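# Observations on the three-dimensional arrangement
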Amino acid sequence: MLQASSTRQIAVTVNAITKIFGEGDNSVVALEDVNLEIKENEFFTLLGPSGCGKTTLLRLIAGFEHPTSGNILLYDQDITFLPPYQRPVNTVFQNYALFPHMTVRQNVSFGLEMLGRAKSEIKETVDSVLNLVRMEELANRRTSEISGGQQQRVALARALAPRPKVLLLDESLSALDYKLRQDMQLELKRLQHETGITFIFVTHDQEEALTMSDRLAVMDEGRVLQVGGPSEIYNYPKERFVAEFIGDSNFLEADVTSVNERLVRIQFYTGKEFEVPAFRDMRVGAHVTVAVRPEQVTLSNSLDAATFTGVIENMVYLGTHTHYIIKLSNGSEFTAHIQNLRGHDRQFEIGGAVGIALDPATIQVLKD
Amino acid sequence: MSEVQVRRKQFAVRKLPGFQSTAVLCFVLLYAPIAALVIYSFNAGTNIALWEGFSLKWYHVAWQNEQVQEVTIRSFIIASVASFSATLLATLAALGTTRTENYRGRTAIYALINQPLMVPEIVTGVALLIFFAIIKTVTGYHGLFYLMLAHTAFCIPFAYLPIRARLEGMDISLETAAQDLYATPWMTFRRITLPLLWPGVLAGAMLAFVISLDDVVITELVKSAGQDTLPTYMLGQLRRGVTPEVNAISSALLGVSILLVSLFYILRNR
């Protein structure tokens, strides 16, 4: 699966895209020099907080906006300035935007009708798409007569019916309640698998992004910070923002004490040293920030061997895990998520001293 | 207990002393004259203030009156042409003021479109009288076209308001979605915007029709000889003396207006 993905064709190329809204003093930079390559049949997610430019990027790919500079390729065709109705790209809108004066079937047929397909072909395609989203029984209902989850599925069917080369989904699940959302997440993965269409999904929900994506791009303030698979992004965040936005992280200061070809040796304030891979130029004496995931540390009562020592300030029992808030000896706060094992509970107490041990493999050095 | 306290805090205009009687008085003042007019249109006698029994006589007289027939037909022709063209223009104006990127002077254009609602009708009437007099002298044409033009002009804001309201209430992402689904701008308008706008267009047309049908001031000033509409004809008749025939015509006109205005509200809320 992974090998196949590396040989896949590039479906969408976003090339040095900058988008500025407004002019002069009122101008806002929505996107700044964004470069992306989205592969064929990939479930690609644009993840970021609201206002990071992810929806603007989606609208540029759909053709609702045009970039200030840069270009967008769909396979080998430059589509930067093509109007939306000439792009083989369809969108599932955040509010669904179903046509209220049409039935479910008429909504789903619309795109094919506009493409001038034959009546028999339209009926056949619409039937199969409605079947795909399990809406065939409600085909003749008005869109106002169906529930939110059903509307979501109709919006999906409507966008899939013309068999676009790329399907864009704009925060499409955020209006649904928790249970429905989880069902739709699975449904989307299934649809993507069955149709073989490239999906570009926009969300601010990191959990959703991790579960659904083949690859994702983390965005902030109009820039793409990191692109990679879910585990790559989670385990190897390059920047503090990425480590903070996706999952929980502890941030620790360290000094570089020696530099090898591939490895650097870093030292924490406790004097403990670790060898970690060097991914950029680092000098001896430089100051770095590292990220450590709370679930990737071990706590023990033996303080001498520990990387850090501290006092447990608070602990929250959550069934599978217990969360510990620990005040380190230098005054900063450290969070540890420790898996609960039967027979090993009540090992630590609030106010008790505790040692935190790090594994060198779990230390991620961040860009400044 | 708490519910009572919450209620007490609210300002309830209906609870004010004398509210009900004031409201009833207002409605009586509004509708009593009209009720009297309608009732006396069924009077059998010739006296307008003396009830002599129920009869449809005056409706029959009005129906048979060739002059009434003539002016009624003229009124309907003018109202039809004026409401049609005013609605068409108002629709374009509404699209131009809501479906474009904001441009300089858009608010000014909005104000200009609605200005006829604020300008006293007599001013518009006098202006048109003078303006058309010049054209009439130059061209020698004295037909109904002037009235149609004048009615179209003052009907535009009435047609514009419901259409604009409808457009503003319409989700713009529907049009974006249509374009995304391969609809050209023209197809988007035909298949999405227009069908959704249609109740607003009909409502605007009906309002314009009623406004045109009822107009006296501008019509009186603009019309050439022999171009009386129903309201100006009635005004002329009243100068000569009041018969229940005028009551009957008024009642019929009222009926048409109520019908159209009711349709307007039904369409507006659809």
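Residues numbered from 1 in each chain as written. Chains lettered and ligands numbered in written order. Predicted model: local features only at pLDDT ≥ 70, side-chain atom pairs only at ≥ 80, totals over all residues. Heavy atoms only, no water.

### Observations concerning the interface of chain B and chain A
Size of an interface, as often reported, equals the accessible area lost when the parts are brought together. Contact with chain B, which involves 18 residues of that partner, is made by 25 residues of chain A. Surface buried jointly by chain B and chain A totals about 1,900 Å² across both partners, of which 67% is contributed by carbon and sulfur atoms. Sorting the residues of chain B by area buried against chain A places Asp 180, Leu 181 and Tyr 182 of chain B first, and these three jointly supply 41% of that buried surface. Viewed at the interface, chain A and chain B are joined by one salt bridge. Between Arg 191 of chain B and Glu 113 of chain A there is a salt bridge, and its shortest N-O distance comes to 3.0 Å. Remark: the boundary between chain B and chain A carries eight residue pairs in polar contact (both at pLDDT 80 or more). Contributions of two or more residues to the side of chain B that touches chain A are made by helix 8 (172-180) and helix 9 (185-214) of chain B. Looking at the side of chain B that touches chain A element by element, the count peaks at seven residues for helix 8 of chain B. (Contact = heavy atoms within 4.5 Å. Buried area = accessible area lost by both parts, 1.4 Å probe. Salt bridge = Lys/Arg side-chain N within 4 Å of Asp/Glu carboxyl O. Polar contact = N/O pair within 3.5 Å; in protein donor to acceptor, adjacent residues only side chain to side chain. Helix = DSSP H or I, 4+ residues; strand = E, 2+ residues; numbered from the N terminus.)

### Considering the domain arrangement of chain A
All names here are of chain A. Here the domain parsing of chain A yields domain 1 (10-241) and domain 2 (248-365). Summarising the inter-unit geometry, the C-alpha centres of domain 1 and domain 2 are found 39 Å apart. For domain 1, the biggest contributors to the area lost against domain 2 are Tyr 234, Pro 237 and Arg 240; these three give 70% of the whole. The interface formed by domain 1 and domain 2 holds zero salt bridges in total. Here domain 1 is connected to domain 2 by three residue pairs in polar contact (both at pLDDT 80 or more). The biggest single contributor to the side of domain 1 that touches domain 2 is helix 8 (residues 230-235), with three residues. (Domains from an automatic or database assignment.)

### A look at the sheet that holds strand 10 (residues 223-228) of chain A
All names here are of chain A. What the six strands build is an open sheet, ordered 6-7-8-3-9-10; its pairing is mixed. Of all strands in the sheet, those bounded by a partner on one side alone are strand 6 (89-92) and strand 10. Across the sheet, the mean angle from the axis of one strand to that of its neighbour is 20°, orientation sign disregarded. Judged from the five bridges that link them, strand 9 (residues 215-220) and strand 10 form a sheet pairing that is antiparallel. Residue pairing across strands places Asp 220 opposite Arg 223, the latter belonging to strand 10. Across the sheet, helix 5 (residues 148-160) touches strand 6, strand 7 (166-170) and strand 8 (198-203), and the angle it forms with strand 6 is around 175°. Each of strand 3 (43-47), strand 7 and strand 8 touches helix 6 (residues 178-195); the most contacted strand, strand 8, lies at about 160° to it. (Pairing = 2+ DSSP bridges. Axes fitted to C-alpha atoms, helices over the stretch in contact; angles between N-to-C directions.)

### Digging into the side chain of Thr 195 of chain A
Residue and element names in this part refer to chain A. Its place among the elements puts Thr 195 in helix 6. Within the structure, the side chain of Thr 195 is placed 2.7 Å from the backbone oxygen of Leu 191, a separation counted as a polar contact. Dropping the residues within four chain positions of it, Thr 195 is found in contact with Leu 132, Leu 160 and Arg 163.

### Some thoughts on the packing of helix 4 (residues 66-98) of chain B against helix 5 (residues 106-118) of chain B
Residue and element names in this part refer to chain B. Running from N to C, helix 4 and helix 5 cross one another at 155°; their axes reach a closest spacing of 10 Å. Viewed along their axes, helix 4 and helix 5 adopt a mutual orientation that is roughly antiparallel. For the pair helix 4 and helix 5, the sense of crossing is left-handed. Between helix 4 and helix 5, the contacting residues are Ala 93, Thr 97 and Thr 98 on the first element and Arg 106, Ile 109 and Ile 113 on the second. When the residues that make up the contact of helix 4 with helix 5 are grouped by side-chain class, the tally is three nonpolar, two polar and one charged. (Parallel < 35°, antiparallel > 145°, perpendicular 65-115°, else oblique. Left-handed = near helix turned anticlockwise from the far one by under 90°. Nonpolar A, V, L, I, M, F, W, Y, C, P; charged D, E, K, R; others polar.)

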